[in-house]
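Take a look at the letters that make up each chain.
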Amino acid sequence: MPPASLSLLCSSPLSSSPCLSRRGPSVILCSSVPIRTNANLRRRDLVLLGLTSSFIFSGPTSDSLAAVSSDQDVKMDMLMDDINAYSFLYPIELPDKNFSFKWVESRKPERYSSAAPLSPDARQRIVSERVDMIHNLVISVSIGPPNLRFLKSNDKSAWKAKDVADSILSDKSALRVTTGQRMAESSVLDAHSDIVGGEPYWFYEYIVRKSPTISVQEPNLYRRNLAVTAERDGYLYSLNASTLSKQWEQIGPFLEKTVASFRLLPPTENYVPPYKDPWRFW
């Protein structure tokens, strides 16, 4: 798929989405480029460092965040995954403050059948992920079938945003615990839906009470998450962006831009639907 033009992207709802109620920073540049690796850090290196979606380290926050304001213009780049047919924008720079995000592509986009599972039942799987280890940021995309405990109807137009959020969170823990225990780890703060391109998108915000850290023993430290989910071919496609609670005021508005920009794209010849060859793990 050829990249979208710069003018089309910046004038589209991606940069002025009504899906999130809070006002975020202005997007001053939206670069449309193919997927690329920002660093030569392989997945096995991240595993050795203990950096996965479920167990991201929570070290001291970078001092450079102290100068970051939520009302600043932000330069954003675009990730287009033609294997799973979606795209989103992510912040890369605040030109006015000479501040740059330090993204590493920890999981390159891959097909659902070979992707890393988020729980022992392997229903929901991470198909791409990037992390900023310096500023404790994670942006990931996962795919999985609906949890029929919460989404009982086949009519997705009747789904409530809170039920969609519960469906995703119930399948998201990497721990060997029950569905109820997984949900007890998280609290949904807000959930709402919006129609984007004629299709429903469900937006929700939640916190994870059990902060996955052993290096920092702050009792009130937790991860705050923004997420969006869309449905295609019987599977839920979800983008999740998170950071530490103590730096939410500085970083949260930029993550809102990322979540609001998430779109399912028309499939190309490179698209691999989740239901294709579900037995394959390579």
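Source: prediction; values computed, not measured.

Chemist: Which parts of the structure should I look at to understand the overall build of the protein?
Modeler: Each helix and strand in the protein was counted, giving 5 helices and 13 strands. Residues counted as buried form 53% of the 282 residues belonging to the protein. A separation of at least 24 residues holds for 64% of the contacts in the protein among residues at least 6 apart in sequence. For the protein, the computed accessible surface area is about 13000 Å², with 53% contributed by carbon and sulfur atoms.

Chemist: How should the pairing of strand β10 (residues 199–208) be read in this particular structure?
Modeler: Consecutive side chains along a regular strand alternate between the two faces of the sheet. Of all 10 residues making up β10, 9 are buried, and the element is well covered by its neighbours. Bridge count between β10 and strand β11 (residues 223–232): 8 bridges; the pairing is antiparallel. By the bridge assignment for β11, V208 is matched with R223.

Chemist: Sorry if this is basic, but what is going on with the packing of aromatic side chains here?
Modeler: Using the criterion set out here, one finds 10 aromatic pairs in the structure. Between F99 and F101 the ring centres are 5.1 Å apart and the planes differ by 90 degrees, which places this aromatic pair in the edge-to-face class. There is no split in this pair, since F99 and F101 are both buried. Through a chain of ring-to-ring contacts, the aromatic side chains of Y86, F88, Y90, F99, F101, W103, F254 and F262 assemble into a single cluster. The ring centre of Y112 lies 4.5 Å from the NZ or CZ of R125, which sits over that ring. Directly above the ring of Y237 sits R232, whose terminal nitrogen or CZ lies 4.7 Å from the centroid.

Chemist: Whenever I open this one, the environment of Y275 confuses me. Can you help?
Modeler: Turning to its location among the elements, Y275 is positioned in the segment after β13 (263–264). Between the C-alpha atoms of Y275 and P145, which are 130 residues apart in sequence, the distance is 9.8 Å. Leave out the neighbours within four places in its chain, and Y275 touches D233 and Y235.

Chemist: In this structure, what is going on with helix α5 (residues 248–261)? I would like to understand it.
Modeler: For the α-helix, the turn length of 3.6 residues means that residues three or four positions removed from each other point alike. Taking 1.5 Å of rise per residue, 14 residues should cover 20 Å, and α5 covers 19 Å from first to last C-alpha, within 8% of that figure. By the criterion of burial, α5 is predominantly enclosed, with 12 of the 14 residues buried. Every buried residue belonging to α5 is among W248, I251, G252, P253, F254, L255, E256, K257, T258, V259, A260 and S261, and all of these are buried.

Chemist: Just checking my understanding: could you explain helix α3 (residues 161–170) for this structure?
Modeler: Most of α3 sits inside the fold, with 8 of its 10 residues counted as buried. Listed as buried for α3 are A161, V164, A165, D166, S167, I168, L169 and S170.

Chemist: Even after reading the chapter, I still don't get the environment of Y112, so can you show me in this structure?
Modeler: Tracing the chain through its elements places Y112 in the loop between β5 (103–107) and β6 (116–117). Exposure remark for Y112: the relative accessible area of 7% places this residue in the buried category.

Reading guide: rules and limits
- Residues numbered from 1 in each chain as written.
- Predicted model: local features only at pLDDT ≥ 70, side-chain atom pairs only at ≥ 80, totals over all residues.
- Heavy atoms only, no water.
- Helix = DSSP H or I, 4+ residues; strand = E, 2+ residues; numbered from the N terminus.
- Buried < 20%, exposed > 50% of the residue type's maximum accessible area, 1.4 Å probe, protein only.
- Contact = heavy atoms within 4.5 Å.
- Areas by Shrake-Rupley, 256 points an atom, 1.4 Å probe, with all protein chains shown as cover.
- Pairing = 2+ DSSP bridges.
- Phe/Tyr/Trp six-rings, centres within 6.5 Å; stacked < 30°, edge-to-face > 60°.
- Lys NZ or Arg CZ within 6 Å of the ring centre and 35° of its normal.
- Expected span 1.5 Å × (residues − 1).

Keep in mind these values describe shape, not function.
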